[in-house]
Amino acid sequence: MGELAAIDLLVLAGYFAGTLAIGIYFYRKSKTSEGFTSGDRSLPGWLCGMSIFATYLSSISFIGIPGKAYADNWSFFTFSLSLPIAVLIAYKYFVPYYRKATSISAYEELEKRFGYWARLYADLCFLSTQVARMGAVMYLTAVPMALLLGWNIKVIILIIGISVTLYTFIGGITAVIWSDAIQSFVLIGGALICIAVMLFSVPAGPGQILSTAMVEGKFSLGSFGLSLQDETFWIVLFFGIVINLQNFGIDQNYIQRYKSSKNDREAGKSLLLGGLLYIPVSGLFFFIGAILFAYYKINGADIPAEVAEKADYIFPYYIVQTLPTGLRGLLIAAIFAAAMSTVSTSLNSAATLIMSDFYRRFKTDAGDKQCLKVLHVATVFFGLAGIGAAFIMSQFGKGFELWQMLAGILSGGMLGLFVLGIVSQKAGNIIGVIGTLSGILVIVWMTVSKTFPGCLGRYSFNWNGYLIPVIGTLTILFVGLVLSGLKGLKRGP
C-alpha cells in the first residue's frame, strides 16, 4: 500500500544501527552479573525514569491510543488520570520496600512471607506473560506496518526481535535503559511533529480541525454514570488504579529500575518522572486520534477498507501515506522504538529472574562468570521465545486475545497475593494458597464469561470487563483477611 523513499529507509536503518551501537558502547558495564542486571546500581533517577516511561508507552499504546480516540473518544484517558494515585502509593510504600531488599528479584520477599510456592508462582506468572507480551508487541507492531509498507510480517518481527536481543545481550540493563531513554525522546518528538503537521494541513488551519473534533465529541471523557456494564469514567479509574499498582508495585520490569538507581532519592525520582510523564504524553496521543478523525472528515479522504475496519491501523496509515519524506522514516522509527523498549525490558527482566530466582537460588556457590553466562543464554532464549510467540500469533491471528485472557488470570492473582502479604501479618502459607486460588477461580469465571458470551448462561459475568482485575484482586484480599481471623490457619514458616 505504501513505499518508503531511500531517505526514509536510511533513517530507519540508522535508527537500528544506533540502538546496536548503544549495546556495544555499554558492553564494558555489563561484564558482571550485577552490571548486567542493575547497572551496578549507579544510574541517575532521570535516566531510569525515562526508561520507565518508555517501557510504559509500548507500541500498542503508540498505535492503539490514537486508534481508540479516532474510533471513540477520550474515555480511556481516565486510565492515565489514575496514575497519580498509584504512583504516590508506590512512591511511599513500594520503592522503599524494594530498595531495602538485597535481591534484584521482586519476588524474593514473597517467599519469605508465604513460602517458596509463592515466589515460584509469581516467577512463572511473570515469565509466561513476558513471552506472550513480547510476542504481542512484535506482532501488533508488525501487522499494520506489513500492511502499509508491503513487507512480510515475519521479516518485520525478525528485525525487531533480533535487533533487541542483540543490544540487550551485549549491553545489559544499562544499554536497555539508555536505549529506552533515547527512544522516549523519539516517541515524544514524533507525536509533536504529527500534531503540528496535522493542525496546519486543512484549509482553515487548527481552528477548523479542533472545532470539528469537538462537535464530533472526540474530546469527551465518556459517561460519569454509575452503570457497571458500560465503560464509565469510574470503572476505567478503578481499573487504572489496580493495573498501575500492579505495574509499579510487583512488576519486575519496573522494580529493576528502582534497583538500578544509585540511591533511594534517585529511585523515587525515577518513579515520579516515569509514571507522571505518561499523563501528558498519553494526552498527546489521544489528541492525535481526535484530530486525525477531524482531518479525514474535513478532507474527505478515501480510506481503504482494511484500514477503516481496524482503528489501530489509522495512525500508521496516516504516517505512511501523508507525512513528507524523511519525517515518514522518523515516525516509523518511533513506532519501532516503542516496540523495542517494551521487548528489551522484558528480555532483561526475564533473564534476571532466571539467574536470581532459579540458578543462583539452587546453586548458591555459583561464581559471577557462571551467572553472567546464564544471563546471556536466558536473554537469547527469551528473545527466540518472543519471536516464536509473535510468529504463532501471526499464523492464527487470535493469539493476542488468548494472551489477554491468560495475563488477566495470572497477574490478578499476583497482585492480590502481594497486597494480602502487606496488609495482613496473620495470613500464612495456607491462607495465601486458598486466597490466591479463590481469586484465580473468580477471574477465570469472569474472563471466560466475557471471552465466550453465553457459554455460562445466566451465570455469566455481565459487568464491564475492566472490572475483572479489580474484583479478582479484591477477592484474594477479602478471602485472605476473613481466613486470617479464623483459628487453626496459622502462619507457616
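Bear in mind that the values here come from a model prediction, so they are computed numbers and not experimental data. (Residues numbered from 1 in each chain as written. Predicted model: local features only at pLDDT ≥ 70, side-chain atom pairs only at ≥ 80, totals over all residues. Heavy atoms only, no water.)

J.: Before we go on, may I ask you to explain the side chain of S75 in this structure?
T.: By secondary structure assignment, the location of S75 is in the loop between α4 (59-71) and α5 (77-81). Given a relative accessible area of 4%, S75 falls into the buried group. Among the polar contacts made by the side chain of S75, one reaches the side chain of E231 at a distance of 3.0 Å. If sequence neighbours within four positions are ignored, S75 has contacts with K68, S220, L221, G222, E231 and V236. (Helix = DSSP H or I, 4+ residues; strand = E, 2+ residues; numbered from the N terminus. Buried < 20%, exposed > 50% of the residue type's maximum accessible area, 1.4 Å probe, protein only. Polar contact = N/O pair within 3.5 Å; in protein donor to acceptor, adjacent residues only side chain to side chain. Contact = heavy atoms within 4.5 Å.)

J.: Help me understand helix α8 (residues 116-149), please; the structure alone is not making it clear to me.
T.: The periodicity of an α-helix, 3.6 residues per turn, causes residues three or four positions apart to be oriented the same way. For α8, with 34 residues, the first-to-last C-alpha span of 49 Å sits near the 50 Å given by 1.5 Å per residue. Burial analysis of α8 places 27 of its 34 residues in the buried class, the great majority of the element. (Expected span 1.5 Å × (residues − 1).)

J.: Can you help me understand the pattern of salt bridges in this one?
T.: Opposite charge on two side chains permits pairing when their charged atoms draw close. Scanning the entire structure with this criterion turns up 11 salt bridges. With a shortest N-O distance of 2.9 Å, R328 and D8 are connected by a salt bridge. Placement of R328 in helix α16 (residues 327-362) and of D8 in helix α1 (residues 6-25) is noted, with a sequence separation of 320 residues between them. For D8, a relative accessible area of 0% translates into the label buried. (Salt bridge = Lys/Arg side-chain N within 4 Å of Asp/Glu carboxyl O.)

J.: Please explain the nonpolar core as it appears in this structure.
T.: Side chains that are nonpolar tend, in soluble globular proteins, to be buried together. Within the largest apolar cluster, 146 residues are counted, with the highest numbers of intra-cluster contacts made by F62, C194, F248, Y258, F285 and Y296. Ignoring anything within four residues of it in the chain, the contact list for F62 reads L57, L187, F285, F315, L331, A334, I335 and A338. Of all hydrophobic cores here, the second largest spans 6 residues; its members include I235, I443, M446 and F461. (Core = buried A, V, L, I, M, F, W, Y, C linked by side-chain atoms within 4.5 Å.)

J.: Would you mind showing me how to read helix α19 (residues 429-451) here?
T.: With 23 residues, α19 ought to run about 33 Å at 1.5 Å a step, and its terminal C-alpha atoms sit 32 Å apart, in line with that. Taken as a whole, α19 has its buried residues at N429, I431, G432, G435, T436, G439, I440, I443, M446, T447 and S449.

J.: Could you clarify how one ought to interpret empty space enclosed by the protein in this entry?
T.: Space left empty within the atom packing is revealed by a probe, the size of a water molecule, rolled over the atoms. Overall, the coordinates contain 1 cavity of 30 Å³ or more when judged by the stated rule. As a volume, the largest cavity reaches approximately 40 Å³. Looking at the lining of the largest cavity element by element, the count peaks at 3 residues for helix α18 (residues 399-423). By residue class, the composition of the lining of the largest cavity is 7 nonpolar, no polar and no charged. (1 Å grid on protein atoms, 1.4 Å probe; cavity = no way out; pocket = protein on both sides within 12 Å on 5 of 7 lines; lining within 4 Å. Points joined across faces, edges and corners; volume = space filled by probe spheres on them. Nonpolar A, V, L, I, M, F, W, Y, C, P; charged D, E, K, R; others polar.)

J.: Mind showing me how you'd approach the packing of helix α9 (residues 153-199) against α16 here?
T.: Two measures define how a pair of helices packs: the angle their axes make with one another and the distance between the axes. The N-to-C vectors of α9 and α16 enclose an angle of 140°; their axes lie 5 Å apart at closest approach. It follows that α9 is oblique to α16 by the angle criterion. Handedness of the crossing formed by α9 with α16: left-handed. Class assignment of the residues belonging to the contact of α9 with α16 gives a composition of 22 nonpolar, 10 polar and 1 charged. (Axes fitted to C-alpha atoms, helices over the stretch in contact; angles between N-to-C directions. Parallel < 35°, antiparallel > 145°, perpendicular 65-115°, else oblique. Left-handed = near helix turned anticlockwise from the far one by under 90°.)

J.: Sorry, what's going on with a nonpolar patch on the surface here?
T.: Among the surface-exposed residues, L20, I24, L158, I162 and L166 lie close enough to one another that they form a single nonpolar patch of about 410 Å² accessible area. For the nonpolar patch, the secondary structure elements donating two or more residues are α1 and α9. A total of 3 residues in the nonpolar patch trace back to one element, the largest contributor, which is α9. With respect to the secondary-structure elements, L20 resides in helix α1. Using a relative accessible area of 31% as the deciding quantity, one classes L20 as partly exposed. (Patch = residues over 30% accessible without salt bridge, like charges linked within 9 Å, V, L, I, M, F, W, Y side chains within 5 Å. Areas by Shrake-Rupley, 256 points an atom, 1.4 Å probe, with all protein chains shown as cover.)

J.: When you look at the environment of Y70 in this model, what are you seeing that I'm missing?
T.: The residue Y70 is located in helix α4 in this model. Excluding residues within four positions of it along the chain, Y70 makes contact with K218, G289, L292, F293, Y296, I303 and I314.

J.: I'm lost on the environment of W445 in this one. Help?
T.: If you trace the backbone, W445 turns up in helix α19. Classification of W445 by relative accessible area gives partly exposed; the value is 35%. Distance in space between the C-alpha atoms of W445 and S460 is 7.8 Å, their sequence separation being 15 residues. At 2.7 Å, the side chain of W445 forms a polar contact with the backbone oxygen of Y459.

J.: Just checking my understanding: could you explain the packing of aromatic side chains for this structure?
T.: Where two aromatic rings form a pair, the distance of their centres and the angle of their planes describe that pair. Counted according to the given criterion, the structure contains 32 aromatic pairs. When the centroid spacing of 4.6 Å and the interplanar angle of 40° are considered together, the rings of F239 and Y466 count as tilted. Highlighted residues: F239 in helix α11 (residues 233-250) and Y466 in the loop between α19 and α20 (468-484), separated in sequence by 227 residues. Relative accessible area serves as the criterion here: at 12%, F239 is assigned to the buried category. A relative accessible area of 21% places Y466 in the partly exposed class. (Phe/Tyr/Trp six-rings, centres within 6.5 Å; stacked < 30°, edge-to-face > 60°.)

J.: How should I be thinking about the side chain of Q256 in this particular structure?
T.: Following the sequence through the fold, Q256 ends up in helix α12 (residues 252-260). Note on Q256: relative accessible area 0%, which makes it buried. A polar atom in the side chain of Q256 sits 2.8 Å from the backbone oxygen of T37.

J.: What should I look at first to understand the confidence of the model for the chain in this one?
T.: Should the pLDDT be low somewhere, the predicted coordinates at that spot are not to be read in detail. Confidence along the chain averages 84 in pLDDT terms, with 94% of residues attaining 70 or more. The element-level mean pLDDT for the chain is lowest in α18, coming to 68, with helix α13 (residues 264-299) highest at 91. (pLDDT = per-residue confidence, 0-100.)

J.: Hey, could you run me through the layout of surface pockets in this one?
T.: Taken as a whole, the second largest pocket holds about 400 Å³ of empty space. Elements with a contribution of two residues or more to the lining of the second largest pocket: α6 (83-100), α11, α18 and α20. For the lining of the second largest pocket, the class distribution of residues is 15 nonpolar, 1 polar and no charged.

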